[in-house]
Amino acid sequence: MEAVAARVPVTVVTVAGHLDADLLPHFLKHYRGLGVSGFVFALHGAFDRNVVETLASEPDICIFCEFRGLFSEATRIEKITWMLQTLIGQWVIACDVDE
């Protein structure tokens, strides 16, 4: 991963939920340390203010919000697929904040 990140921009695509606020600083530090150049977060209707404030304060983060409630597995896959399609031609890592 480090060799790839040193040569080309890498974007992380993830889904963040209401329990992820405490994990975000470590998550961002870890992936930035690997050379990730940007993040795309999908937030579902149960996200809390701390998650939004943390993400909105970072210049390398793009946020997509879903206000209709919790993601079902199908909706989660649909959102990630849509985001990955918008990043065609770029290196992308799809992961969860709590993994």
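These numbers were taken from a predicted model, which means no experiment stands behind them.

*Asks:* Would you take a moment to explain the overall build of the protein for this structure?
*Replies:* When its secondary structure is counted, the protein shows four helices and four strands. Sequence-ordered secondary structure for the protein, helices as α and strands as β, is α-β-α-β-α-β-α-β. For the protein, the share of sequence-separated contacts (at least 6 apart) that also reach a separation of at least 24 residues comes to 68%. Carbon and sulfur atoms make up 56% of the accessible area of the protein, which amounts to about 5,900 Å² in all.

*Asks:* Help me understand the pairing of strand 2 (residues 38-43), please; the structure alone is not making it clear to me.
*Replies:* The side chains of a regular strand alternate, first on one face of the sheet and then on the other. For strand 2, a buried count of six out of six residues is recorded, marking the element as mostly surrounded by other parts of the structure. With burial as the criterion, each face of strand 2 is covered, one bearing Gly 38, Val 40 and Ala 42 and the other bearing Phe 39, Phe 41 and Leu 43.

*Asks:* For this particular structure, what's the right way to read the environment of Glu 53?
*Replies:* Tracing the backbone shows Glu 53 in helix 3 (residues 49-56). The exposure class assigned to Glu 53 is partly exposed, which follows from its relative accessible area of 42%.

*Asks:* Please explain helix 2 (residues 24-33) as it appears in this structure.
*Replies:* Along an α-helix, residues three or four positions apart point the same way, because every turn accommodates 3.6 residues. For helix 2, every residue scored as buried is listed here: Leu 24, Phe 27, Leu 28 and Tyr 31. What you see down the axis of helix 2 is that its buried residues fit within an arc of 95°, all on one side. For helix 2, exposure combined with an orientation more than 90 degrees from the buried face picks out Pro 25, His 26, Lys 29 and Gly 33. The positive-phi residue at the C-terminal boundary of helix 2 is Gly 35, with phi of around 100°.

*Asks:* I would appreciate a short explanation of the nonpolar core in the present structure.
*Replies:* Nonpolar side chains tend toward joint burial in soluble globular proteins. Val 12, Phe 27, Tyr 31, Phe 39, Phe 41 and Leu 55 are the most contacted members of the largest nonpolar core, which totals 17 residues. Where this core is concerned, the elements lending two or more residues are strand 1 (10-16), helix 2, strand 2 and helix 3. If one sorts the elements of this core by residue count, helix 2 sits on top with four residues. Setting aside its immediate chain neighbours within four residues, Phe 39 contacts Thr 11, Val 12, Phe 27, Leu 28, Tyr 31, Arg 32, Asp 60, Ile 61 and Cys 62.

Thresholds applied
- Residues numbered from 1 in each chain as written.
- Predicted model: local features only at pLDDT ≥ 70, side-chain atom pairs only at ≥ 80, totals over all residues.
- Heavy atoms only, no water.
- Helix = DSSP H or I, 4+ residues; strand = E, 2+ residues; numbered from the N terminus.
- Contact = heavy atoms within 4.5 Å.
- Areas by Shrake-Rupley, 256 points an atom, 1.4 Å probe, with all protein chains shown as cover.
- Buried < 20%, exposed > 50% of the residue type's maximum accessible area, 1.4 Å probe, protein only.
- Arc of directions from axis to C-beta.
- Core = buried A, V, L, I, M, F, W, Y, C linked by side-chain atoms within 4.5 Å.

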